[in-house]
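Single-letter residue listing:
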Amino acid sequence: MTGVFICKCGGNISGTVDCEEVRDSVKGEEDVNAVQVTEFLCSKPGLQLIQGSIKSHGLDRVVVACCSPHMHEEMFRGIVEEAGVNRHRLVHVNLREQCSWVHDRGATEKATSLVKGGIARAHTLEPLKEMVVKINRDVLVIGGGVAGITAALQLSKGGFNVSLVERRPSIGGRMAQLSKTFPTLDCSPCILSPRMAEVGNDENIRLLTGAEVASVSGGPGEYHVKVKIAPRGVDADKCLKCGRCGQVCPTEVPNEFEEGLYKRKAAYLPFPQAVPSSYVIDFEHCKRCGACVEACPVGAIDLDDQEKTVTVDAGSMIVATGFDLIGDEALRTYHPEMSSVVNALQVERLIENELTEGKVLTRRNGERVKSIAYILCAGSRDPHHGVGYCSSVCCAYSVKQAILLRKFLPFLKVYIYYTDMRMTGRGFEDFYMEAREKGIQFIHAKPGGVTPLDDGRFEVIVEDQDTGLMLRNQVDLVVLSSAMVPSAGTGELASRLGIALGEDLFVAPKHVKLDPISTLREGVFAVGVATGTKDIHDSVIDARAAASHVYNFVGDGTARLSPAKPVHEGECDLCGACTGACVRGALTMGGKGPILDPVSCNGCGACISACTKGSLRIPNNSGDTLLEEAKGLLSGTEGDVAVLGFFDDNISYTAADNAGTARLHYPTNIRIVRMPSTALLSKETILKAMGLGADGVLICEVEESHEAELAAKLVSDVSETLKGFGIEPERIHLQPMVLPIFKMLPKFVSDFTEQVKKMGKLTAEKRKLLLK
Amino acid sequence: MRYGLFLGCTIPTRQMNYEQSAREVAKVLGIEFIDGDYGCCGFPVESVDEVKAFSMAAANLKIASASGDVLVTLCSACGEMLCKAEKRLCEDAETTKGVGKVLMQANVSYAGEKPRVLHFARMLHDDYGLDNIRAKVVKPLKGLKIATHPGCHYVRPSTLYPGFDDPEFPGTLDRLVEVTGAEALDYPGKTDCCGGGILAVREDIAKAMTGKKLAKLTGKTDAMVIVCPFCGIMYDKYQRTLEEELGKEFGLPVLYYPQLLGLALGIDSSKLGFDVNSVDVQSLLEKAGV
């Protein structure tokens, strides 16, 4: 007894899809007792409609045809479950992101076949029970800046054990490098170091510094993370910070905390408020002379300290890896290689080191710096040389720095060259007015570059956007308010964690508006600038929100796992093909057959196709289910070529949704089948699908993944067989997908559809061959 | 090595020194230049009538393609125009149709021919090779300080010359100067335009642009090296006029690259067209020891 509910979505679907026509076309399908069309299915009346219909028609299966399942699938599952229908007998058909938003003509016909596919699939569904597993309450926080610190402290107060992994020898991140924060001019290290000290003293927080994530295994609720810890060389508990090691150390290198402006020794204290509060040996530059060992009064130094690897087990993780400033290559025309061209982080260090010591800023030749030009948006909002996005904080911090500079050195002439003044935060606009009143000059123009003059000063020439006049200026110091980019290694970390990046290379959120902290992987959250440029205020909010997410995720220490995991039924000769196929180590061979670790298993299905006896299946996602769904999807495609698209749920299906949200169009010939992973596909299934009416098969899988490798093998296998039947092998195609390039998806689909159109529909004889 | 040679209009009429020195240099380097029945590239017409301008370019492309040779242009603007026409006529069906109509009147039909077109200096840098040039230098011009003026159309728009040089920090001309043994100067404003492009529209601005670079370089360099005849007209032919109008003294010799290279290759200075140079080069030749 199947019920079908079609949503008009307030015009978003009904704008191009005639929902009433779809209803009329599907109401005659087998076992369909009720078909309703409504304006907003997800609204209270819409949900009541579903529940009411379930009761009055005695429904045991439900098909909702509306927006993408990524939006409200969980909610619909909950609603039908409340009304007595097993939550796994809900089919969610995507009529919006993958139909009404990407098609004009032919949208209704396509919608009909999508719904028919959904109905056909619904008929194959078994009522499943979810697995309940224990969740590890421990949390791993990656990154010890203000966001990571805030999250760790919040979680610790909630009674969670936190491991905080920080790449540098001390926590504190970028905020520790700042002098004062906008708009209140709070002393940055003063407000941060009590937090840092708390982290250091907190019993619930295990602090690992000089540490990086090397690999991740397991799954949501039970992650096993290998963390590589670089040798500190100094026993942090013994270190008195007397500084004698640093005094005798012969090696000097640029100081990272000071952004290269000053030097430090190879035996050094990262900065006065460092936590752990201890010196460090920089083994990359240490000459092993041993002078520090001798000088240390408490014998805290061990030059034979080795790298360690520890395993951190955690049920959830928080990524708080922050940012770097964009490299010099993007800023060439501003001559960043010259000593009188600095970036904003360097100015923070100059303020802290020079100005607060009562010194003035000087040029290389010793003369006083009397004039400074700030170049806003250096490298930002600049797709040709830098990054396309706005870095959010530069307008505010440039105003802040200008106010501070003039406070210390009232004779300074400060010119801020701006494109816009984005003073969005609370109190920011007043701050800006204060700067104007204090005589800081704002010039509405962005210079394309600065010209070094013979005397070491710089010439800046712009066209003032307000007056249209050309303005020429000569300054002693140039400050680049340069673009923020995800910190080095974010990409690699993301792939280790199995989370996706956006087009701008920051971590992609689950939903930009409604769920900006969750990533696309269950149990992994991301906060701070790791998910996009923002200030301290917003990073702290993110961190506190993530702690709340962890709390909800962990709950009482148990989790309900999806039952879409392999079930073993039938013969087993212990051949081990399945355990070999699993890259997540979720299958191990027992005495009678394979044993599954449901937490590590992500339901990809690689084991299913590997089993030579066909004894493994994923409930509700077998080859037969797919073929039934295909029959429905392919109905009504006699007139033109039909393409079946098998898309992995996490990345490729999301990319197709993103293309829909962007309203990018592509031909209607394709019917996308949502798969937990394309590793579920077998040659037999694909050949039969073609026999049933598919003229082309497009497989979309995550680029450079194990699943993509399997898909590639599958495609070549199928191609060979097709050739043997005298069918063009080009009818099957593998398209690797990465989320940042979702805009290319319509082109991939169009190109492949064109190719299939040129080859034409398969003849009846060929189809008979394929169905054998 | 053989190349078709595209002279354009300005060089054979007003800057024969570029052509003469280029031919002499080619002889020594073992490069054969094949002349053809080429006409104006269309560059001056582009801002007035795009379709006619591209038609003129297309006619030349057809001739080059028929000869089977790679086409080398001496003038940067000609090079840009021909490369731009190739790109435009394979991407824009509308313009191609218009061009077809125009060419029909001359009984020419352009069928999308795309011969390889490159600037003379690019040919030497990319095809011939710096090492091979250096091997033929017999009189290294040690001690000479040269300021190269890459000009505008030589490297921009960079989409026309993918993979060649750097549109914001061009260096190929400097490398070419260095193989002669001379020193190539880095100076602010290297990428500034000579002003020639707007001479016909705003003569005052054009001359101010030209004068600016001359003022910057006077006394800092022994000569300016250029690769485009319009830059030559601005910096060389007009230098005296500018001195009078701006009340300054420049006295800066302006050489075409093959004139400089020719000296290093041991070619007699009388064959390098110096009689056409407006600004006296005697002091430079003496310093170079020729």
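Residues numbered from 1 in each chain as written. Chains lettered and ligands numbered in written order. Predicted model: local features only at pLDDT ≥ 70, side-chain atom pairs only at ≥ 80, totals over all residues. Heavy atoms only, no water.

Caption draft 1: View of the packing of helix α11 (residues 394–408) of chain A against helix α12 (residues 428–437) of chain A. Residue and element names in this part refer to chain A. Between α11 and α12, whose axes approach to 10 Å, the crossing angle comes to 40 degrees. Between α11 and α12, the crossing angle belongs to the class labelled oblique. By crossing handedness, the relation of α11 to α12 is classed as left-handed. Where α11 approaches α12, its residues Ala 396, Val 399, Lys 400 and Ile 403 are matched on the opposing element by Phe 428, Phe 431, Tyr 432, Glu 434 and Ala 435. For the contact of α11 with α12, a count of residues per class yields 7 nonpolar, no polar and 2 charged. (Axes fitted to C-alpha atoms, helices over the stretch in contact; angles between N-to-C directions. Helix = DSSP H or I, 4+ residues; strand = E, 2+ residues; numbered from the N terminus. Parallel < 35°, antiparallel > 145°, perpendicular 65-115°, else oblique. Left-handed = near helix turned anticlockwise from the far one by under 90°. Contact = heavy atoms within 4.5 Å. Nonpolar A, V, L, I, M, F, W, Y, C, P; charged D, E, K, R; others polar.)

Caption draft 2: Local environment of the packing of aromatic side chains. Residues and elements named next belong to chain A. Overall, the coordinates contain 11 aromatic pairs over all chains when judged by the stated rule. For the ring pair Phe 182 and Phe 428, a centre distance of 5.1 Å and an interplane angle of 85 degrees mean the geometry is edge-to-face. Here Phe 428 lies in helix α12 and Phe 182 lies in the loop between β8 (180–181) and β9 (186–187), a separation of 246 residues in the sequence. Taken together, the aromatic side chains of Tyr 418, Tyr 432 and Phe 442 make up a single cluster linked through ring pairs. When the ring centre of Phe 411 is taken as origin, the NZ or CZ atom of Arg 368, which lies over that ring, is 4.7 Å away. Here the basic side chain of Arg 674 rests over the ring of Tyr 653, its NZ or CZ set 5.6 Å away from the ring centre. (Phe/Tyr/Trp six-rings, centres within 6.5 Å; stacked < 30°, edge-to-face > 60°. Lys NZ or Arg CZ within 6 Å of the ring centre and 35° of its normal.)

Caption draft 3: Structural view of the sheet that holds strand β7 (residues 162–166) of chain A. Residues and elements named next belong to chain A. If you walk across this open sheet you meet the 5 strands as β10-β7-β6-β18-β29, and the pairing is parallel. In this open sheet, the two strands that pair with only one neighbour each are β10 (205–209) and β29 (524–526). Within this sheet the neighbouring strands show an average axis-to-axis angle of 15 degrees, counted without direction. Pairing between strand β6 (residues 139–142) and β7: 4 bridges, direction parallel. (Pairing = 2+ DSSP bridges.)

Caption draft 4: Examining the side chain of Lys 534 of chain A more closely. Residues and elements named next belong to chain A. Mapped onto the elements, Lys 534 comes out in the loop between β29 and α14 (536–554). You can call Lys 534 buried: its relative accessible area is 15%. At 2.8 Å, the side chain of Lys 534 and the side chain of Thr 531 are in polar contact. A polar contact of 3.0 Å, which involves the side chain of Lys 534, links it to the side chain of Asp 542. Not counting chain neighbours up to four residues away, the residues in contact with Lys 534 comprise Ser 392, Val 393, Met 484, Gly 528, Val 529, Ser 539 and Asp 542. (Buried < 20%, exposed > 50% of the residue type's maximum accessible area, 1.4 Å probe, protein only. Polar contact = N/O pair within 3.5 Å; in protein donor to acceptor, adjacent residues only side chain to side chain.)

Caption draft 5: Spatial organisation of the packing of helix α10 (residues 344–353) of chain A against α11 of chain A. Residue and element names in this part refer to chain A. Following both chains from N to C, one finds α10 and α11 inclined at 30 degrees, their axes separated by 11 Å at the closest point. The angle between α10 and α11 falls in the class roughly parallel. Classified by chirality, the crossing of α11 by α10 is left-handed. When α10 is examined against α11, the residues Ala 344, Val 347, Glu 348 and Ile 351 are found in contact with a partner set consisting of Tyr 397, Lys 400, Gln 401, Leu 404, Leu 405 and Phe 408.

Caption draft 6: Geometry of the nonpolar core. Residue and element names in this part refer to chain B. By size, the foremost hydrophobic cluster in this structure holds 93 residues, and its most contacted members are Ile 31, Phe 33, Phe 120, Met 123, Leu 124 and Tyr 257. A total of 7 residues in this core trace back to one element, the largest contributor, which is helix α4 (residues 76–91). Mapping this core onto the domain boundaries places at least three of its residues in each of domain 1 (2–119) and domain 2 (139–287). Beyond its immediate chain neighbours, meaning those up to four positions away, Phe 120 contacts Tyr 18, Ala 22, Phe 33, Val 72, Thr 73, Leu 74 and Pro 258. (Core = buried A, V, L, I, M, F, W, Y, C linked by side-chain atoms within 4.5 Å. Domains from an automatic or database assignment.)

Caption draft 7: Structural view of the environment of Val 387 of chain A. Along the chain, Val 387 of chain A turns up in the loop between β21 (371–378) and α11. If sequence neighbours within four positions are ignored, Val 387 of chain A has contacts with Ile 326, Gly 379, Ser 380, Arg 381, Asp 382, Ala 483 and Val 485 of chain A.

Caption draft 8: Spotlight on the interface of chain B and chain A. Taken together, the contacts link 5 residues of chain B with 7 residues of chain A. Between chain B and chain A, roughly 530 Å² of surface is buried when both sides are summed, and carbon and sulfur atoms account for 52% of that area. When the buried area of chain B at its contact with chain A is split by residue, Glu 168, Phe 169 and Pro 188 of chain B rank highest and sum to 75% of it. Applying the counting criterion to the chain B and chain A interface returns 3 salt bridges. Measuring nitrogen to oxygen at the nearest pair gives 3.9 Å for the salt bridge that ties Asp 454 of chain A to Lys 220 of chain B. Run the count over chain B and chain A and you get 3 residue pairs in polar contact (both at pLDDT 80 or more). Considering only residue class, the side of chain B that touches chain A consists of 2 nonpolar, no polar and 3 charged. (Buried area = accessible area lost by both parts, 1.4 Å probe. Salt bridge = Lys/Arg side-chain N within 4 Å of Asp/Glu carboxyl O.)

Caption draft 9: Region of the structure containing the pairing of β6 of chain A. All names here are of chain A. Of the two faces of β6, the one carrying Val 139 and Val 141 and the one carrying Leu 140 and Ile 142 are both buried. As a crossover connection, the stretch from β6 through helix α6 (residues 146–157) into β7 is right-handed. Of the strand pairs in this sheet, β6 and strand β18 (residues 316–319) are connected by 4 bridges, and their pairing is parallel. Its bridge partner being in β18, Val 141 is matched across the sheet by Ile 318. (Right-handed = clockwise from strand over helix to strand, strands pointing away.)

Caption draft 10: Structural detail: the pairing of β7 of chain A. Residues and elements named next belong to chain A. Among the 5 residues in β7, 5 count as buried, and that is most of the element. Neither face of β7 is exposed, since Val 162, Leu 164 and Glu 166 on one face and Ser 163 and Val 165 on the opposite face are all buried. Note: β7 against β10, 5 bridges, orientation parallel. Pairing of Glu 166 across the sheet is with Thr 209, part of β10.

Caption draft 11: How the structure looks around the domain arrangement of chain B. All names here are of chain B. Taken domain by domain, chain B consists of domain 1 (2–119) and domain 2 (139–287). Centre-to-centre separation of domain 1 and domain 2, based on C-alpha positions: 24 Å. Between domain 1 and domain 2, the buried area comes to about 2300 Å², and carbon and sulfur atoms account for 70% of it. Interface area lost by domain 1 to domain 2 is led by Arg 14, Gln 15 and Asn 17, which between them contribute 25%.

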